[in-house]
Amino acid sequence: MPTPLPITGRPVRLAVVGLGQIAELCLPPYVGRPDVEVVALCDPNPARRERWEPVFPGAEPIADLDKLSALDVDAVDALVPTPAHADVAVALLESGYHVQLQKPLARSMAEADRILDAATRSGASLRVMEDYVCYPPLVALRDVVRSGEIGTPQAMHLKVVGTARGGWDVNPGSYEWQFAQARDGLGILTFDHAWHQFAVAHWLFGPVRRVFGWIRRTPIGDDFLLDVPATFVWDHVNGVRVVLEVTLAAEMYFRSDYYADDERVEVTGSRGYVRCNRISGRGVQEPAVVVYRDGEVRGYHALADQPPDAFAASAERWVSHLQRGGGDLDLDGPAAREVLRCVLTAQRSADEERPLDL
C-alpha cells in the first residue's frame with residue numbers, strides 16, 4: 001500500500017531512480033529542503049551515483065530497483081529513459097510508491113494503459129513531470145489568456161528551432177536511447193521534444209479534435225535521419241487552432257546554460273495577442289512575455305525565466321501534492337495519456353499523409 005496522503009509532520013522520503021543528464025535539472029530543487037529527504041540514489045552506473053552522493057550524503061546509493069524495498073520510501077522520481085517507463089513505473093507503483101515519471105508518459109498507448117492501470121490498482125499518485133506548464137512565463141501567458149484581456153482565443157503558434165550551438169555539453173550516452181527510439185519512428189524533435197508543445201496546448205485549451213502532421217527527414221551523418229523540418233496543425237474541441245513549426249538550424253547560436261533550442265509561444269485572441277519569447281535558450285532578448293491590445297504593448301520584464309525556474313516550480317507542485325494530499329498535478333496520468341494520444345496520432349498522420357481525428 002502506498003504511504004497515505006497527506007504526508008505531514010515529517011519530511012517526504014524520496015528516492016531517485018535514474019541519474020542521467022536530466023538529473024542536473026530535476027535534483028537541485030530538493031537540495032536544502034527540510035521537508036524532503038532524498039533517501040536513495042538508484043542507477044546502475046557507479047559514476048552517476050558518485051556524482052550525487054556528496055550532494056545528498058544521507059541517501060543510500062544502490063544499483064538496482066529491487067534494493068528499494070529495504071528502504072523506507074514514500075515517493076519516487078523516475079528519471080529513466082522513455083523506453084523503460086512502462087516496466088519501471090509499473091514496478092514502482094505495484095511496490096506501493098507514489099511516482100513522478102518523466103515525459104513522455106510512454107511510447108505507445110498500450111504502455112500508457114499499463115502504467116495507468118497499475119496506478120489505479122495501487123491507489124498511488126502518478127504524475128508526469130512536464131516542466132513547461134510550470135515555467136513562470138508560460139504560467140503568466142495562461143493567466144493573460146484566462147483573464148480575457150486579449151479577448152476570445154482564436155489560434156496559437158508554437159515554434160521550435162533546434163540547434164547544437166550554445167548549450168551545455170550532453171553526455172553522448174544520454175542520446176543513445178534517443179537515437180534508437182528515433183529509428184523506431186519516434187523522433188527526437190517530433191516525439192520527445194514536441195511532447196512539450198502538445199502538453200502546453202492541452203494545458204491551455206483542453207482536448208484535441210483533429211490533427212495533421214507533415215514530417216520530412218534530414219540526413220545527419222552517414223546513417224541517421226533527423227525528423228525535421230516538421231509542421232503540425234490541430235484543432236481543439238473548443239475551436240482553437242494550433243500550428244507547431246519544428247526547424248533545424250544546425251549552425252545558429254543560441255546562448256543557454258542548458259538546451260539551446262529557441263522556442264516561442266503566441267496566442268492570438270479576438271482583441272490582441274500574448275507571446276512568450278523564450279523557454280530553453282536566450283534567443284530573443286526582449287521581455288519574457290509581451291501582450292498586445294488596442295495598439296499598446298506591455299511586457300513582463302522580471303519573470304523567473306530560466307529552465308531551473310520551471311523545474312523548481314514543478315518540484316514544488318509535486319511535493320505540495322504529497323504534503324496536502326491533493327491539488328492539480330499538471331500532469332496527472334489521464335491528462336498525460338491524452339497528450340500522448342495527440343502526439344502519436346500526429347506521428348501517424350504524417351506517416352499516412354492525411355489529417356486524423358482523435
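For the structure itself, consult the block above.
Description of the structure in this document. (Residues numbered from 1 in each chain as written. Predicted model: local features only at pLDDT ≥ 70, side-chain atom pairs only at ≥ 80, totals over all residues. Heavy atoms only, no water.)

### Some details on the packing of aromatic side chains
Thinking step 1. Counted under the stated rule, the structure contains seven aromatic pairs.
Thinking step 2. Centre to centre, the rings of Trp168 and Tyr258 are 5.1 Å apart; their planes meet at 70°, and the pair counts as edge-to-face. Here Trp168, found in the loop between β7 (153-162) and α6 (173-183), pairs with Tyr258, found in the loop between β12 (241-248) and β13 (262-269); they are 90 residues apart in sequence, far enough to count as distant.
Thinking step 3. On the basis of relative accessibility, which here comes to 18%, the residue Trp168 falls in the buried class.
Thinking step 4. Summarising the aromatic geometry, the rings of Trp168 and Tyr259 are spaced 5.2 Å apart at their centres and angled 80° between planes, so their arrangement reads as edge-to-face. Of the two residues, Trp168 is situated in the loop between β7 and α6 and Tyr259 in the loop between β12 and β13; the sequence distance between them amounts to 91 residues.
Thinking step 5. Ring-pair connections join several aromatic residues into one group, and the members of that group are Trp168, Tyr258 and Tyr259.
Thinking step 6. For Arg51, the ring lying beneath its charged end belongs to Trp52, and the centroid distance is 3.8 Å. (Phe/Tyr/Trp six-rings, centres within 6.5 Å; stacked < 30°, edge-to-face > 60°. Helix = DSSP H or I, 4+ residues; strand = E, 2+ residues; numbered from the N terminus. Buried < 20%, exposed > 50% of the residue type's maximum accessible area, 1.4 Å probe, protein only. Lys NZ or Arg CZ within 6 Å of the ring centre and 35° of its normal.)

### A look at the sheet that holds strand β8 (residues 208-215)
Thinking step 1. Within the open sheet, the nine strands sit side by side as β16-β15-β14-β13-β7-β12-β11-β8-β17. Their pairing is mixed. The two strands at the open ends of the sheet, each matched to only one other strand, are β16 (296-300) and β17 (356-357).
Thinking step 2. Across eight bridges, the pairing between β7 and β13 is antiparallel. By the bridge assignment, His157 is partnered in β13 with Glu266.
Thinking step 3. Running at roughly 170° to strand β14 (residues 272-276), helix α5 (residues 136-147) makes contact with β7, β13, β14, β15 (289-293) and β16 of the sheet.
Thinking step 4. Contacts between helix α9 (residues 333-352) and the sheet are confined to β8, β11 (230-236) and β17, with β8 contributing the most and set at about 50° to the helix. (Pairing = 2+ DSSP bridges. Contact = heavy atoms within 4.5 Å. Axes fitted to C-alpha atoms, helices over the stretch in contact; angles between N-to-C directions.)

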